[in-house]
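If you want the building blocks of each chain, they are given just below.
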Amino acid sequence: MKRRIFLASSASAILTGCGPIANALNNNATVQKVLASAEGLNHALIGTRGLAREYRESDVDRNFRVNGFAPSDSRYVTLAASNFAGYRLLVDGAVDRRHAFPLGELRALPQQTQITRHDCVEGWSAIGKWSGVRLSDILDAVRPRNDARYVVFHCMDNDGMGNLYYESLDLHQARHPQALLAMRLNDAPLDAAHGAPVRLRVPTQLGYKSAKWVERIEVVGSFANIASGRGGYWEDQGYEWYAGI
Ligand SMILES: Nc1nc2c(c(=O)[nH]1)N[C@H]1C(S)=C(S)[C@@H](COP(=O)(O)O)O[C@H]1N2
Ligand SMILES: [Mo]
């Protein structure tokens with residue numbers, strides 16, 4: 001059974017992709033249908049309740065692959081030049097206690113370390129040792145209100161056409177014990193290309209969910225009014241919002 005599920009997700013891995021060629025494929029109706037059925041199967045049989053497998057130190061890929069480039073706009077470059085001294089992670093929206101966390105405050109919170117595998121829909125994987133703050137600890141600190149349903153991650157990079165990268169999880173996924181706001185990769189501070197200073201790490205979901213360069217976490221009742229309304233940058237281009245693996 002497990003094997004069949006894996007095959008279903010690798011088929012979607014090869015067909016969806018993160019790049020322009022894959023986008024052309026995504027516009028193909030037959031491809032879309034196959035993907036929809038494979039993703040439905042995965043969702044139904046696995047869900048996001050289980051824990052992602054954790055690996056040993058010796059399994060870590062020392063050169064964790066980079067997908068994309070660090071943001072080149074001047075605001076990010078300036079923040080990076082001062083080692084993110086001026087950075088704040090704003091957590092707001094449908095919460096009782098909105099708060100802007102400087103890096104020092106995030107580093108002073110209890111840290112979790114996990115050695116987990118990152119799976120990109122383009123068909124590659126990498127095992128990394130990630131450390132940071134549990135997203136659930138941050139949510140506990142800001143106290144989502146009763147109308148809160150989703151957590152939206154706003155990032156500092158754009159695609160050159162004015163669209164900022166963003167992603168979202170529902171509150172249940174966001175409270176998953178392995179959902180991490182990572183600040184370290186492989187025993188070093190996260191570098192710019194991998195999402196410095198703070199990125200999301202959700203090992204139970206495909207790579208595009210793990211938003212890099214996060215500067216704001218907005219708790220919302222609905223994401224219908226954010227960008228094209230599908231809950232994420234790639235979702236707005238046709239990817240599934242649910243990306244469980
Ligand atoms: N802000 C932002 N986050 C992002 C992306 C992006 O383009 N921008 N790409 C996603 C995709 S498709 C993948 S596979 C991973 C790549 O992470 P890595 O570069 O650390 O390997 O980041 C994800 N998070
Ligand atoms: Mo990806």
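Small disclaimer: the values here were computed from a predicted structure and weren't measured.

(A) Just the overall build of the protein, in detail. When helices and strands are counted, the protein shows 7 helices and 10 strands. Pairs at least 24 residues apart make up 68% of the contacts formed inside the protein by residues separated by at least 6 positions. For the protein, the accessible area works out to roughly 12,000 Å², and carbon and sulfur atoms hold 53% of it.

(B) Representation of the sheet that holds strand S10 (residues 214-220) in the model. Here we have 5 strands laid out as an open sheet, ordered S2-S1-S10-S5-S6, and mixed in their pairing. Edge positions in the sheet fall to strand S2 (99-102) and strand S6 (164-170), since each of these pairs with one other strand and no more. Adjacent strand axes in the sheet meet at a mean angle of 20°, parallel and antiparallel pairs treated alike. Relative to S2, strand S1 (residues 88-93) is paired through 4 bridges, and the arrangement is antiparallel. When the bridges of S2 are listed, Leu 90 appears paired with Ala 100. Contacting S1, S2, strand S5 (150-158), S6 and S10, helix H6 (residues 135-142) crosses the sheet at an angle of about 135° to S2.

(C) Spatial organisation of the confidence of the model for the protein. Model confidence for the protein is summarised by a mean pLDDT of 87, while 80% of its residues fall at 70 or above. With pLDDT under 50 throughout, residues 39-48 is counted as low confidence; its partners more than four residues away or in other chains account for 18 contacts.

(D) Main features of the side chain of Arg 201. Looking at where Arg 201 falls in the secondary structure, it is placed in strand S9 (residues 199-201). For Arg 201, the side chain forms a polar contact with the side chain of Thr 116, separated by 3.1 Å. The contacts of Arg 201, once residues within four sequence positions are left out, are Gln 114, Thr 116, Arg 117, His 118, Trp 130, Gln 178, Ala 179, Leu 180, Ala 182 and Ser 210.

(E) Region of interest: the site of ligand 1. By nearness alone, 19 residues border ligand 1, and Arg 65, Asn 67, Asp 157, Arg 199 and Lys 212 come closest of all. In this structure, Asp 157 approaches ligand 1 through a side-chain N or O atom, which is 2.7 Å from a nitrogen atom. Here ligand 1 has 530 Å² of accessible area as a free molecule, and 94% of this is covered by the chains. A breakdown of the residues in the shell around ligand 1 according to their chemical character gives 10 nonpolar, 5 polar and 4 charged.

(F) How the structure looks around unusual backbone geometry. Cis geometry marks the peptide bond from Ala 196 to Pro 197, where omega comes out at 0°. The backbone of Arg 143 shows a phi angle near 60°, a positive value even though the residue is not glycine. Mapped onto the fold, Arg 143 is located in the loop between H6 and S5. A positive phi angle, close to 50°, is found at Trp 213, a residue other than glycine. Along the chain, Trp 213 turns up in the loop between S9 and S10.

Cut-offs used in this document
- Residues numbered from 1 in each chain as written.
- Chains lettered and ligands numbered in written order.
- Predicted model: local features only at pLDDT ≥ 70, side-chain atom pairs only at ≥ 80, totals over all residues.
- Heavy atoms only, no water.
- Helix = DSSP H or I, 4+ residues; strand = E, 2+ residues; numbered from the N terminus.
- Contact = heavy atoms within 4.5 Å.
- Areas by Shrake-Rupley, 256 points an atom, 1.4 Å probe, with all protein chains shown as cover.
- Pairing = 2+ DSSP bridges.
- Axes fitted to C-alpha atoms, helices over the stretch in contact; angles between N-to-C directions.
- pLDDT = per-residue confidence, 0-100.
- Polar contact = N/O pair within 3.5 Å; in protein donor to acceptor, adjacent residues only side chain to side chain.
- Near = heavy atom within 4 Å.
- Nonpolar A, V, L, I, M, F, W, Y, C, P; charged D, E, K, R; others polar.

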